[in-house]
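A look at the structure
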Amino acid sequence: MKIIAIGRNYAEHIAELQNERPTEPVVFLKPDTALLKDNAPFYHPSFSQDIHHEVELVLRICKEGKHIEPEFAHKYYDQIGVGIDFTARDLQSELKAKGLPWEKAKAFNGSAPVSGFLPMEHFPDKQHIDFGLKVNGEWRQQGNTSLMLYDFDYLVAHVSHYFTLKTGDLIFTGTPKGVAAVKVGDRLQAYIGEECLLDFEVK
Ligand code: MG
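Cut-offs used in this document
Every chain begins its residue count from 1, and numbering advances along the sequence as written. Confidence filtering applies because this is a predicted model: local features only for residues at pLDDT of at least 70, side-chain atom pairs given and counted only at 80 or more, and all residues used for totals across whole chains, interfaces and linings. Heavy atoms from the whole structure form the basis of all side-chain values; hydrogens and water molecules are not counted. Buried, partly exposed and exposed residues are distinguished by accessible area as a fraction of the type maximum, computed with a 1.4 Å probe on protein chains only: under 20%, between the cut-offs, and over 50%, respectively. Secondary structure elements follow DSSP: runs of H or I no shorter than four residues count as helices, runs of E no shorter than two count as strands, and numbering proceeds from the N terminus. Note that the arc is defined by the directions from the helix axis to the C-beta atoms. Contacts are assigned to residue pairs that have any heavy atoms within 4.5 Å of one another. Counted as coordinating are nitrogen, oxygen and sulfur atoms within 2.8 Å of the metal, or 3.2 Å for Na, K and Ca, while water is not included, which may make sites look incomplete. Counted as a polar contact is a pair of N or O atoms within 3.5 Å, where, for protein atoms, one must be capable of donating a hydrogen and the other of accepting one, and residues adjacent in sequence contribute only when both atoms are in side chains.

For helix H2 (residues 89-98), the complete set of buried residues consists of Arg-89, Leu-91, Gln-92 and Leu-95. Down the axis, H2 shows its buried residues gathered within 155 degrees of arc, on one side only. Summarising the geometry of H2, the exposed residues directed more than 90 degrees from the buried face are Ala-97 and Lys-98. The secondary structure elements touched by the buried residues of H2 are helix H1 (11-16), strand S4 (51-53), strand S7 (87-88) and helix H3 (103-106). One or two residues past the end of H2 sits Gly-99, with phi positive at roughly 70 degrees.

Below you can see the structure in the form of structure tokens.
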């Protein structure tokens with residue numbers, strides 16, 4: 001499986017990092033070794049002093065497809081979960097300044113904790129899904145899909161023009177504002193609506 005991630009999909013997050021608003025989705029990949037499941041702890045890597053949490057809704061692909069049109073995109077994902085796109089912000093800033101790829105900052109081991117998934121029936125209105133992240137019991141990030149620049153169907157269609165989607169692939173759909181550094185001992189809890197679906201510790 002592969003993890004496809006979308007950057008800069010929420011305007012207020014673009015503003016907090018002083019990035020430019022994209023004219024098409026910003027896309028990057030994480031390998032399967034980035035995946036953390038079953039509330040496994042995240043081990044803070046030693047190569048970064050500034051690992052940021054980015055809470056994101058995650059689509060699970062249920063059918064192989066490429067060159068998908070947006071009006072058919074909903075047929076290609078059947079579940080939504082929540083995950084953290086961990087980012088070594090210090091490394092990413094260096095790489096961005098040099099015009100180099102982001103993988104060392106975004107795709108390292110354990111950089112993609114993911115919750116269990118909820119079926120689409122759970123989401124009568126995909127354009128208004130609340131989600132968020134608590135760190136040590138305090139809200140750090142709260143988002144709603146109405147604030148996305150590119151919606152789920154647009155994203156699935158867009159990435160399928162570059163990468164064949166396969167069953168089990170995951171798409172991270174971008175983070176709202178409020179990203180910040182984590183430290184050893186932090187407890188992260190990610191929510192969809194009122195439900196805490198992901199709960200793990202930084203070690
Ligand atoms: Mg992200």
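Now that the structure has been shown, the text picks up again.
Okay, the coordination of the magnesium ion next. Binding of the magnesium ion to the protein goes through Glu-54 (OE), Glu-56 (OE) and Asp-85 (OD), at separations of 2.0 to 2.1 Å. Mapping the donors of the magnesium ion onto the primary sequence yields the spacing E-x1-E-x28-D. Of the two residues, Glu-54 sits in the loop between S4 and strand S5 (55-61) while Asp-85 sits in the loop between strand S6 (77-84) and S7, which places them 31 residues apart along the sequence. Like Asp-85, Glu-54 is buried.

Attention now goes to the side chain of Asp-85. You can call Asp-85 buried: its relative accessible area is 0%. For Asp-85, the side chain forms a polar contact with the side chain of Lys-30, separated by 2.7 Å. Among residues more than four places away in sequence, those in contact with Asp-85 are Phe-28, Lys-30, His-52, His-53, Glu-54, Glu-56, Lys-106, Ser-111 and Phe-172.

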